[in-house]
Amino acid sequence: MVKSSHLEPTRIVPFVKASACGNDFLLIDSSDVAGSPVDFSGLTRRLCDRHDGVGADGVEWMSEHGSADVAVRLINADGSEAEISGNGTRCVAAYLCAEQGKEKVLVRTGAGMKTCLLTARSESEYEFEIEMGAAEVGREFVLKIAGGEVRGTRLSMGNPHFVVFVPEFLPDWREKALDIQRSSYFEHGVNVEMVIVENRHEVSVRFFERGVGETRSSGTGSCAAAVAAVGALRVDSPVSVHAQGGTQSVRMENDRVFLRGPARLVCRGEFFL
């Protein structure tokens, strides 16, 4: 076993890894890489590589903010920047709860301020409800893609989504989702949700996200799926959103959307530059 004192990397970047229903993130204080020009995109790609790095769906780069407990800049595994991740925001809130004992955490995201309220805790797992704000819902329409046509609903949860209702998850759903993402219709890319309505209060979803590909869960994607389903009169609020990584709950209060789900602190470590 090699002792850490024998390792002499030029620089060390401390990180905490957290997971929200299998959607995993690295949480890093931006000041830990300050002092020289930083290629956050390139560094994030290195960190998120699941073979030569730590492995994650993205990095939440944290910094101080006067009106919030923390400000975050989310960069996806491919180095692209995203406005917000509901799951990533919960992971950041869990970290601040663990470090500072907070039960209410204000997180400044690229999509505005989000308030995370702690609703339960069990060892290293924390459950929060986040007020995600109001969704911007577009009309349902038919999109032409390489494989033909697909009907879906475009909406925004501070980041762009395209929700497609399906009777089942076919083997080629990932290829279809990728074709949707490649469409020139979505100028800034899009997150894709394939949704099966199970009953009046439950849906099952598969997620294909910008900059990552298939993910086991998505916070904003769960909100988008629920909002689209409620708007289409297919379900009623609250909605349990089942995904491969677990279940989240979405409720609507007037025009506001609230997301509830867990976040687990997995480990902490150091990345050698």
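This structure is a prediction, so every number in the text was calculated from the model and none was measured.

A. Up close: the overall build of the protein chain. A count of helical and extended segments in the protein chain gives 4 helices and 17 strands. For 273 residues, the compact-globule formula gives about 19 Å, and the C-alpha radius of gyration of the protein chain, at 19 Å, lands near that figure. Principal axes of the C-alpha set define a box for the protein chain whose edges measure 60 × 40 × 35 Å. Across the 273 residues that make up the protein chain, the buried fraction comes to 48%.

B. Broad picture of the nonpolar core. Leu27 and Met132 are the most contacted members of the largest nonpolar core, which totals 49 residues. Once you skip the residues sitting within four places of it in the chain, Met132 turns out to touch Ile84, Gly86, Lys114, Met157, Thr220, Cys223, Val257 and Leu259. Counting 16 residues, the second largest nonpolar core, distinct from the first, contains Leu143, Ile145, Phe162 and Phe208.

C. Here's a closer look at the environment of Val38. Take Val38: it is sitting in the loop between strand E2 (23-29) and helix H1 (40-48). Overall, Val38 belongs to the partly exposed group, its relative accessible area being 29%. Beyond its immediate chain neighbours, meaning those up to four positions away, Val38 contacts Val33 and Leu43.

D. Representation of the pattern of salt bridges. Taken as a whole, this structure holds 15 salt bridges when the rule is applied. With a shortest N-O distance of 3.7 Å, Arg260 and Glu129 are connected by a salt bridge. Within this pair, whereas Arg260 is found in strand E17 (residues 256-272), its partner Glu129 is found in strand E8 (residues 125-133), the two being separated by 131 residues in sequence. Classification of Arg260 by relative accessible area gives partly exposed; the value is 32%. Judged by its relative accessible area of 13%, Glu129 is buried.

What counts, and at which threshold
Residues numbered from 1 in each chain as written. Predicted model: local features only at pLDDT ≥ 70, side-chain atom pairs only at ≥ 80, totals over all residues. Heavy atoms only, no water. Helix = DSSP H or I, 4+ residues; strand = E, 2+ residues; numbered from the N terminus. Rg over C-alpha atoms; globule rule 2.2 N^0.38 Å. Buried < 20%, exposed > 50% of the residue type's maximum accessible area, 1.4 Å probe, protein only. Core = buried A, V, L, I, M, F, W, Y, C linked by side-chain atoms within 4.5 Å. Contact = heavy atoms within 4.5 Å. Salt bridge = Lys/Arg side-chain N within 4 Å of Asp/Glu carboxyl O.

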